[in-house]
Amino acid sequence: MTWATRDDDAAPPAGGDARRADTQEGRSPQPARDANALLTSAAAGDQHAFAALYDLLSPAVHGTARAVLRDPHLAAEVMQEVMLEVWRTAPRFDPGRGSARTFVLTLAHRRAVDRVRAVQAQRDRDQRVADADNHIPFDSVAEEVEDTMERTRVRGCLGSLTETQRDAVVLAYYGGRTYREVAEELGAALPTVKTRIRDGLIRLRDCLGVAS
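Reading the values: the criteria
Residues numbered from 1 in each chain as written. Predicted model: local features only at pLDDT ≥ 70, side-chain atom pairs only at ≥ 80, totals over all residues. Heavy atoms only, no water. Axes fitted to C-alpha atoms, helices over the stretch in contact; angles between N-to-C directions. Helix = DSSP H or I, 4+ residues; strand = E, 2+ residues; numbered from the N terminus. Parallel < 35°, antiparallel > 145°, perpendicular 65-115°, else oblique. Left-handed = near helix turned anticlockwise from the far one by under 90°. Contact = heavy atoms within 4.5 Å. Buried < 20%, exposed > 50% of the residue type's maximum accessible area, 1.4 Å probe, protein only. Arc of directions from axis to C-beta. Polar contact = N/O pair within 3.5 Å; in protein donor to acceptor, adjacent residues only side chain to side chain. Core = buried A, V, L, I, M, F, W, Y, C linked by side-chain atoms within 4.5 Å.

**Student:** So, the packing of helix α2 (residues 35-43) against helix α3 (residues 47-69): which residues are in play, and what are the values?
**Tutor:** Angle between the axes and distance between the axes are the two parameters that describe a pair of packed helices. The N-to-C vectors of α2 and α3 enclose an angle of 140 degrees; their axes lie 8 Å apart at closest approach. Judged on the interaxial angle alone, α3 and α2 are oblique. Between α2 and α3 lies a crossing whose hand is left-handed. Across the interface between the two elements, Ala35, Leu38, Leu39, Ser41 and Ala42 of α2 pack against Ala49, Phe50, Ala52, Leu53, Leu56 and Leu57 of α3.

Next comes the structure, spelled out in structure tokens:
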């Protein structure tokens with residue numbers, strides 16, 4: 001099936017709103033119909049049909065998204081996006097080329113996979129930034145400390161740091177953790193941890209008499 005954006009930009013009705021409107025107007029709720037017929041009617045602008053379609057397929061759409069994303073909140077967002085897309089592209093639905101359920105769930109799977117890729121891409125960008133930041137000023141100062149002074153003197157100078165500076169420096173310098181890992185372990189914000197490590201290493205350098 002091919003899909004295209006429908007001309008009607010009006011927001012689709014929520015799942016139960018249309019039936020409640022019918023009841024309030026004295027009409028009986030929309031009878032259950034198969035997804036193909038509902039989507040065909042929705043394509044003609046029948047909001048009540050779309051509301052019934054929403055109730056019929058949205059649980060399966062949410063389940064499909066959650067199976068891919070493993071996050072109920074992201075899955076709920078994807079479900080809303082998919083059902084909105086179904087409303088907008090309904091006029092291009094052709095029941096002769098496949099069932100409405102199959103095409104809606106295919107759309108849900110594709111949208112969920114796209115969301116996974118987007119989330120992973122953001123994580124990769126964050127990690128690259130964190131890895132790049134690890135070299136300033138950690139590498140230059142820490143290597144000077146290690147190459148120039150003995151560990152006993154370093155331990156002695158660690159006592160001149162504040163407790164928060166010392167914890168961050170020890171985790172990064174002796175524990176080999178990245179800035180982000182230190183932040184997660186200490187439960188502190190990443191910029192705060194970077195500042196603690198930078199200031200702590202500067203104080204170590206001054207205590208040990210390492211030339212800047």
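**Student:** Could you give an account of helix α9 (residues 179-186), naming the residues involved and the relevant values?
**Tutor:** Within the span of α9, buried status applies to Tyr179, Val182 and Ala183. Each buried residue of α9 sits inside an arc of 100 degrees when the element is viewed along its axis, so together they form one side. One or two positions beyond α9, positive phi appears at Gly187, with a value near 70 degrees.

**Student:** Talk me through the side chain of Arg115; I want residue IDs and the actual numbers.
**Tutor:** For Arg115, the position within the fold is in helix α5 (residues 100-133). You can call Arg115 buried: its relative accessible area is 16%. Of note is the side chain of Arg115, whose polar atom sits 2.9 Å from the side chain of Glu77. The contact partners of Arg115, leaving out residues within four places of it in the chain, are Leu69, Leu74, Glu77, Val78 and Glu81.

**Student:** An account of the nonpolar core is needed here, citing residue identities and associated values.
**Tutor:** Counting 27 residues, the largest nonpolar core has Phe50, Leu53, Val82 and Val86 as the members making the most contacts within it. Residue assignment for this core shows that the elements contributing at least two residues are α2, α3, α4 (72-89) and α5. The next biggest cluster of nonpolar side chains, apart from the first, holds 17 residues, and it includes Val169, Val182, Ala188 and Ile197.

**Student:** Describe in detail the environment of His48, supporting the description with residues and values.
**Tutor:** Within the element layout of this structure, His48 appears in helix α3. Through-space distance from the C-alpha of His48 to that of Leu38 is 8.9 Å; in sequence the pair is 10 residues apart.

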